[in-house]
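Spelled out, the chains give:
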Amino acid sequence: MNVFGNIGTVSLAFVLTVLLFVGIPGGGKLKPLGWWTTLLVSMLAGSAYEAAGGLFRVVPDLVGSVIHFVNGFVKGLTLPGLATALLIFILYKKLTTKQLAVVSLVFFYVTAGAGGNWSYISDAIENARAGLQ
């Protein structure tokens with residue numbers, strides 16, 4: 001029995017974004033999302049953005065513009081280097097769950113484009129999407 005049906009990549013990106021938007025402040029029957037849950041949902045959402053494309057290209061395009069801008073100041077900065085720096089920032093900076101959601105969405109989009117070990121999750125989501133078509 002398939003509870004959610006064929007949710008698809010775009011729907012997955014949308015659903016995870018809604019979960020972050022309403023789950024972080026909470027206030028309903030369920031408790032607000034915790035730090036690690038927010039990180040996990042952001043990881044999946046950022047990776048789904050890369051795979052979904054379309055409207056969800058807004059976040060990756062914005063991140064890409066920022067990366068290009070930063071690369072103007074720090075020549076030779078690569079996506080794996082930026083991903084590692086963002087990971088250090090996430091792990092060592094005290095962030096609220098809202099801040100964590102934004103930073104980790106950027107982080108997981110960057111990791112999706114970084115290749116290698118960094119991109120396993122986005123590759124898996126993309127492969128699942130391609131397999132459903």
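Preceding this paragraph is the structure being described.
Residues numbered from 1 in each chain as written. Predicted model: local features only at pLDDT ≥ 70, side-chain atom pairs only at ≥ 80, totals over all residues. Heavy atoms only, no water.

A. Representation of the overall build of the protein chain in the model. Helix and strand counts for the protein chain come out as six helices and zero strands. Of the regular secondary structure in the protein chain, the N- to C-terminal order runs α-α-α-α-α-α. A burial count over the protein chain gives 33% of its 133 residues as buried. A fraction of 68% describes how many contacts in the protein chain between residues 6 or more apart in sequence connect residues 24 or more apart. Carbon and sulfur atoms make up 69% of the accessible area of the protein chain, which amounts to about 8,300 Å² in all. (Helix = DSSP H or I, 4+ residues; strand = E, 2+ residues; numbered from the N terminus. Buried < 20%, exposed > 50% of the residue type's maximum accessible area, 1.4 Å probe, protein only. Contact = heavy atoms within 4.5 Å. Areas by Shrake-Rupley, 256 points an atom, 1.4 Å probe, with all protein chains shown as cover.)

B. View of the side chain of Ser42. Tracing the sequence through the fold places Ser42 in helix α2 (residues 35–52). There is a polar contact of 3.0 Å between the side chain of Ser42 and the side chain of Ser104. In contact with Ser42, not counting residues within four places along its chain, are Leu20, Leu100, Ala101, Ser104, Leu105 and Phe108. (Polar contact = N/O pair within 3.5 Å; in protein donor to acceptor, adjacent residues only side chain to side chain.)

C. Spatial organisation of a nonpolar patch on the surface. On the surface, Ile7, Phe14, Val15, Val18, Phe21 and Val22 cluster together into a nonpolar patch covering about 560 Å² of accessible area. Among the structural elements, Val18 can be located in helix α1 (residues 8–23). Note on Val18: relative accessible area 35%, which makes it partly exposed. (Patch = residues over 30% accessible without salt bridge, like charges linked within 9 Å, V, L, I, M, F, W, Y side chains within 5 Å. Salt bridge = Lys/Arg side-chain N within 4 Å of Asp/Glu carboxyl O.)

D. Spatial organisation of helix α5 (residues 97–114). An ideal rise of 1.5 Å per residue puts 26 Å on 18 residues; α5 measures up with 25 Å between its terminal C-alpha atoms. Positive phi shows up at Gly115, right after α5, with a value of about 80 degrees. (Expected span 1.5 Å × (residues − 1).)

E. Molecular detail of the packing of aromatic side chains. If you walk through the whole model with that rule in mind, you get two aromatic pairs. Plain terms: the ring middles of Trp35 and Trp36 are 4.8 Å apart, the flat faces sit at 75 degrees to each other, and that makes the pair edge-to-face. Taking relative accessible area as the criterion, Trp36 reaches 61% and is therefore assigned exposed. With centroids separated by 5.0 Å and ring planes inclined at 80 degrees, the aromatic side chains of Phe69 and Phe73 adopt a geometry described as edge-to-face. In this pair, Phe69 and Phe73 are both assigned in helix α3 (residues 58–73), four residues apart and thus about one turn of the helix distant. Exposure remark for Phe69: the relative accessible area of 55% places this residue in the exposed category. For Phe73, a relative accessible area of 63% translates into the label exposed. (Phe/Tyr/Trp six-rings, centres within 6.5 Å; stacked < 30°, edge-to-face > 60°.)

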